[in-house]
Amino acid sequence: MPFKTIKISLTVAATALLGTAAAAADFEFTFAHVLTEDTPNARAAVVFKEEVEKNSDGRIEINIRPAAQLGGDVEIIEQTQMGLVHISIPPTGNLANFNEQMYLFDLPFLMEGDDAMKRVLDGEVGTELLGTLEGNNLHGIAMWGAGFRNMTNNIRPITGPDDLNGIKMRTLQAPTILSTYRAYGANPTAMAYVEVYNGLQQGVVEGQENPLANIASMKFYEVQDYMTMTNHAYHTYAAVMNLQAWESLPEDLQTVVEDAMIVGRDAAREFTVEDEAKILDQIADQIEITELSDEGRAAFIEASKPIYDEFRPKVTPELMDKALAAAKGE
């Protein structure tokens, strides 16, 4: 090859490299979660990523680490606090181990249906609770979620709280949920999400609670005989960012991230509604499904009253009353 051709080729290559460097993002953030990539919130995380990268004109790059690649929910919370992870969507049940006011969202039968959920999470109560997270070195942006939780087990159909007596139930590492199942007479055990299938299969635990998307994606129906549509608590996630990472962004990019979080939240809710109808059809012949009767629901609500009394001082009476009023539309 003639010298002139070589020189031109090297110049083009150098220009290309400089162009790539110039196009590099100003901010690179890791977004970690424990969910498998086919779940509504994992898909919504991708929507969030696309929104941020598009609307920031490539100034922000989001690297998603799904399926517990960086650890369980508690580990991800700790890593987000330290800045090893920049963005996460941990369950508020796990966040309550760091911030007691988050106990609120795991109170059973607090929110009856999607309308009540939106009034609580998207309104004054959700905003106030997100604001408290700065004390945990986190910036709370929005409340995501995976739908309402239902109960599965291998012992008997659950038609009321008495049917849970003695059943070994896996729960999140969340004091509110552990206390709830003790009040119902069950034997609750905290266990990491990724360990639940094996725990059920080996009989370490006999039941668990999760929204339908998680039950389907983790195939819990393969190792469970009964499911009751209790819809007893909304599986709330707090979309959070490491505080220093948040503060490193100029105001215009903070707005981009905030707006994208709302788009992601709404996408997760839409995906959840679409998926739940399909999931029930898909698993109907693999697990016995029971609808909770009005009498059964009333019995659960009555058995749940001591939980509200126990956690009222920690949530604060003012916030609990505000949440109960919002849930009722008052």
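The structure reproduced in this document is the subject of the present report. Treat the numbers as computed from the prediction; the structure is a model and nothing was measured. (Residues numbered from 1 in each chain as written. Predicted model: local features only at pLDDT ≥ 70, side-chain atom pairs only at ≥ 80, totals over all residues. Heavy atoms only, no water.)

What about the overall build of the protein?
The helix and strand tally for the protein stands at 13 helices and ten strands. Considered along the principal axes of its C-alpha atoms, the protein spans approximately 85 × 45 × 30 Å. In the protein, which comprises 330 residues, the proportion classed as buried is 53%. Of the contacts formed within the protein by residues at least 6 apart in sequence, a portion of 74% connects residues at least 24 apart. Carbon and sulfur atoms make up 51% of the accessible area of the protein, which totals about 14,200 Å². Within the protein, one finds 24 positive and 50 negative side-chain charges whose respective centroids are separated by 3 Å. (Helix = DSSP H or I, 4+ residues; strand = E, 2+ residues; numbered from the N terminus. Buried < 20%, exposed > 50% of the residue type's maximum accessible area, 1.4 Å probe, protein only. Contact = heavy atoms within 4.5 Å. Areas by Shrake-Rupley, 256 points an atom, 1.4 Å probe, with all protein chains shown as cover. Lys, Arg positive; Asp, Glu negative; His and termini not counted. Charge placed at Lys NZ, Arg CZ, Asp CG, Glu CD.)

Digging into the packing of aromatic side chains
Within a pair of aromatic rings, the relevant descriptors are the distance that separates the centres and the angle that separates the planes. Counted by the stated rule, this structure contains eight aromatic pairs. Their ring planes at 80 degrees and their centres at 5.6 Å tell us that phenylalanine 31 and phenylalanine 48 sit as a pair that is edge-to-face. In this pair, phenylalanine 31 sits in strand 1 (residues 27–32) while phenylalanine 48 sits in helix 2 (residues 40–55), placing the two residues 17 residues apart along the sequence. A single burial state applies to phenylalanine 31 and to phenylalanine 48, both of which are buried. (Phe/Tyr/Trp six-rings, centres within 6.5 Å; stacked < 30°, edge-to-face > 60°.)

Scope: geometric values only; no functional claims are made or implied.
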